[in-house]
Amino acid sequence: MRGYYNKNLFLYHLSVITRTSSPSFLIPSPSSIFRAPNYATVTETLQKQSFTVNYLVNNCGLLPDSALQASKYVLFNTPEKPDSVIALFRSFGFSDLQIHNVIRKKPRILVSKPKETILPKLEFLISKGVSKSQLARLIDLNPQILQRSLEKHLIPTFDLLNNFIRSEERTIASILHSVQILTSATSHRNINLLVDLGVRERSLARLLCHWPWMLLFNSKDLKSIIDEVIKMGVDPSKANFVPALYAKLLPKSMWDRKVELYKSFGLTDDNICEAFVKHPFCMLKSVQKIEACIEFFVKELGWKPVDVTNYPVLLSLNLEKRLVPRAAVLKILMANGAIKSCKHLLAYTVSEEMFFKNYVNRDKDQAPELSKLYREKMNLPVMDRKLMS
């Protein structure tokens, strides 16, 4: 309602100025305590606002209300500067929609000096390997990049990320994955926080490559979650700390659903916590995946649910392509007395080559039968000769 009123007031003032030579609404009475406004200044401002609104509507595709709102932050009365900004964007392959989005979010960009303030930032990103299509997408999603200092912020931030990732290509992928990371001051503070806690460079590189949005959390909130993860028993210097932190940063409802599922199998809070500390990904898999895996081991192999959570890495393995085929081989070996139990963790985690060497080919007489069974469970028409040797 207020925006509607301001719009009509602006249009009323503009119509009065264009109709009358002495706008009395600008001239206070002799008894007024207010200083008379400078008529020439007010007139010039309203004329600039009118030109700006028309330009934003006709050249940038903004709706009238949005254009009027944007004119509070940017004013111009000639098209030369905004035309040059738009021309620069187009020279880098920006679509009309992307230009519209950038200007709608950051209208001040239209009065920038394109060659002095915009071009160097675009060229910097291109020099690091960003393609033109990626560049347009990046600026579309985060036009604040064009308002940050190149020397004081963008270059140091890119270098900081790249120091951990050690690949400009993957650094670019990380930025595209979470576009705010290049402009947020929070990311710097959170990286320093994690380094001070003893998080390894390799772990930080993993975080930046897969979950860079984690660094955009408010530092106080992030520290609170970090303390919670450490209290659960996860060591910041270990490789499992970052995925553990990721799991706890997800919506609490997701965590609670999985806790409820584990408890439905008779597992306790201590069982769940121990599994999480060993392998945080056991709380990152879908409810359906967790349920299917536990039911397979309990119903098909006779395990207890706690046996599964004692080896929580099993919950991250592919059920159809890894667990079921290998379990079929182990059941045959156990039935023939070759092994005492199907609880061979290594049998499920080793490479394909090692699995064949240690289990399928351990008895040459049984190898053809086991190979056939394994192939059928894997739905494979043939088996690699190297694995059979």
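Residues numbered from 1 in each chain as written. Predicted model: local features only at pLDDT ≥ 70, side-chain atom pairs only at ≥ 80, totals over all residues. Heavy atoms only, no water.

1. Things to note about the packing of aromatic side chains
Enumeration over the complete set of coordinates arrives at 17 aromatic pairs. A centroid spacing of 5.8 Å and a plane angle of 80° characterise the contact between phenylalanine 124 and phenylalanine 158, whose relative ring orientation is edge-to-face. With a gap of 34 residues between them, phenylalanine 124 in helix H6 (residues 114-127) and phenylalanine 158 in helix H8 (residues 150-165) connect regions that are remote in the sequence. Each of the two residues, phenylalanine 124 as well as phenylalanine 158, counts as buried. Seen in terms of ring centroids, tryptophan 255 and phenylalanine 276 are 5.0 Å apart; in terms of plane orientation they differ by 85°. Their pairing is edge-to-face. Linking tryptophan 255 in helix H14 (residues 252-264) with phenylalanine 276 in helix H15 (residues 269-278), this pair joins segments that are 21 residues apart in sequence. A residue is classified by how much of its surface remains accessible, and phenylalanine 276, at 0% relative accessible area, is buried. The aromatic ring of phenylalanine 92 is capped on one face by lysine 132, whose charged end is 5.5 Å from the ring centroid. (Phe/Tyr/Trp six-rings, centres within 6.5 Å; stacked < 30°, edge-to-face > 60°. Helix = DSSP H or I, 4+ residues; strand = E, 2+ residues; numbered from the N terminus. Buried < 20%, exposed > 50% of the residue type's maximum accessible area, 1.4 Å probe, protein only. Lys NZ or Arg CZ within 6 Å of the ring centre and 35° of its normal.)

2. Describing the pattern of salt bridges
One side chain can pair with another of opposite charge once the charged atoms of both are near each other. Within the structure shown, the criterion is met by ten salt bridges. For arginine 90, the salt bridge identified is with aspartate 96, shortest N-O distance 3.1 Å. Assessed through its relative accessible area of 53%, aspartate 96 is described here as exposed. Between aspartate 269 and lysine 263 there is a salt bridge; the shortest N-O distance is 2.8 Å. By relative accessible area, which is 48% here, aspartate 269 ends up partly exposed. (Salt bridge = Lys/Arg side-chain N within 4 Å of Asp/Glu carboxyl O.)

3. So, H15
Among the residues of H15, Asn271, Ile272, Ala275 and Phe276 are the ones counted as buried. In a view along the axis of H15, the buried residues occupy a sector of 130°, so they form one face of it. Here the buried face of H15 lies against helix H12 (219-232), helix H13 (241-249), H14 and helix H17 (305-310). (Arc of directions from axis to C-beta. Contact = heavy atoms within 4.5 Å.)

4. A few points about unusual backbone geometry
Even without glycine at this site, arginine 166 takes up a positive phi of about 60°. Checked against the element boundaries, arginine 166 lands in the loop between H8 and helix H9 (168-177). Judged by its relative accessible area of 62%, arginine 166 falls in the exposed class.

5. Details of the confidence of the model for the chain
Looking at the chain, pLDDT values average 86 and 85% of them are 70 or higher. Confidence drops under a pLDDT of 50 for residues 1-40, and excluding neighbours within four residues, the segment shows 25 contacts in the predicted structure. Every residue in residues 381-389 is under pLDDT 50, and counting partners more than four places away or in other chains gives 16 contacts. (pLDDT = per-residue confidence, 0-100.)

6. Focus on the environment of methionine 232
Among the structural elements, methionine 232 can be located in helix H12. Looking at methionine 232, the relative accessible area reads 21%, which means it is partly exposed. For the pair methionine 232 and valine 277, spaced 45 residues apart in sequence, the C-alpha to C-alpha distance is 7.3 Å. Filtering out sequence-adjacent residues up to four positions away, methionine 232 remains in contact with Lys248, Trp255, Cys273, Phe276 and Val277.

7. Re the environment of lysine 121
Of note, lysine 121 is situated in helix H6. Sequence spacing of lysine 121 and leucine 154 is 33 residues, and the spatial spacing of their C-alpha atoms is 8.2 Å. If sequence neighbours within four positions are ignored, lysine 121 has contacts with Ile145, Leu146, Gln147, Arg148, Leu150 and Leu154. At 2.7 Å, the side chain of lysine 121 and the backbone oxygen of leucine 146 are in polar contact. (Polar contact = N/O pair within 3.5 Å; in protein donor to acceptor, adjacent residues only side chain to side chain.)

8. Examining H9
Taken together, the buried positions of H9 are occupied by Thr171, Ile172, Ser174, Ile175 and Leu176. Buried-residue contacts for H9 involve helix H7 (132-141), H8 and helix H11 (201-210).

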